Structures are given as C-alpha cells and as structure tokens.
Amino acid sequence: MNIKETYAIACRRAELAVAGFKSTLINLPARHGNFLLFVLGVALLSAGMVDFSHAQATSFTEADYNDDLVRNAVGNLFGLIEGAFGALVMVVAGLGAIVAAAMGAYRLAVSLIVVAVGAFILRALVSLFFGESFTDLNANGDSGS
C-alpha cells in the first residue's frame, strides 16, 4: 500500500466518523445536544486556558524591547502639556466651557471641562498606570527634567 492509498483510507474513515457524529447530534433531543455542546465548550476553554493559569511561570514573549525612545517621546509631550501649551489648552477649554454653558450647550461645556481637567492631571494619570520614569530630552540629547 502506498502513501496515496493510505491517505485516501484515512480520509474516508475521518469522513465516516464525522458523518456518524453529525447524525448522532441531529437525532438527539435538543436538551441533550445543548448539553453536549456545553460540555464541548467547557472542555475547549479548559484546554485553551491551561497556560494562563500559570501566570508567573509563563512568559509569552521573548522579545527584548527597549522602550527608552517611547518614554522620552512621552516625556517630551508631558513637557509641552505641563508648560505654556498646557496652560493655553486649559484656558481655552475653560473659556469655551463658559461660553458653551451660557449658550445652553451643556454637553459641550462638560466635554470642555473634561479636557481642561485632563490637561491638568495627565501626568498623574499616566504615572498611576505606567510608572514615573518619563524624562524629556532636549534636541542635543540632554535630559530636560
């Protein structure tokens, strides 16, 4: 028997097994079919989440990513938003909120207040979630803060 015949026999057996399983599921009452599908779903989820259960033992990446450039870019953005540009954003958003509230656009006024407060507390929010090592760099490569 050569490889082609062996493969054909294996395919026929697999097709017969799938057809038999399908006919069994179709002939079952609805509650048994739903139960079998539920058991199948639980089994698939359990088998798929085995690696996640070892949270500290498994690393999903072997990459050695250097995030210094990203941290420096974020530091430069913080330097802008905490400086004169941030003050300009807060003043314009505050004045826009006052004008919008006076004209009855309360939804816009609340949005502008959120922008003003967001510009004020941006570094605190980012450092809360991502740490505090964001240093801004000047054009010559020296640290500005």
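Bear in mind the structure is a predicted one, so any value in this text is a computation, not a measurement.

Draft legend 1. Helix 4 (residues 84-103), seen in detail. Over its 20 residues, helix 4 extends 28 Å from the first C-alpha to the last, a length consistent with the 28 Å expected when each residue adds 1.5 Å. Where helix 4 is buried, its residues meet helix 3 (68-81) and helix 5 (106-130). G104 sits one or two positions beyond helix 4 and adopts a positive phi of about 95 degrees.

Draft legend 2. Inspection of the nonpolar core at higher detail. Ranked by size, the top nonpolar core spans 5 residues in total: F78, I81, A119, V126 and F134. For this core, the secondary structure elements donating two or more residues are helix 3 and helix 5. Contacts of V126, omitting those with residues within four sequence positions, involve F78, G131 and F134.

What counts and how
- Residues numbered from 1 in each chain as written.
- Predicted model: local features only at pLDDT ≥ 70, side-chain atom pairs only at ≥ 80, totals over all residues.
- Heavy atoms only, no water.
- Helix = DSSP H or I, 4+ residues; strand = E, 2+ residues; numbered from the N terminus.
- Expected span 1.5 Å × (residues − 1).
- Contact = heavy atoms within 4.5 Å.
- Core = buried A, V, L, I, M, F, W, Y, C linked by side-chain atoms within 4.5 Å.
- Buried < 20%, exposed > 50% of the residue type's maximum accessible area, 1.4 Å probe, protein only.

Bear in mind that shape data such as this cannot, by itself, settle questions of function.
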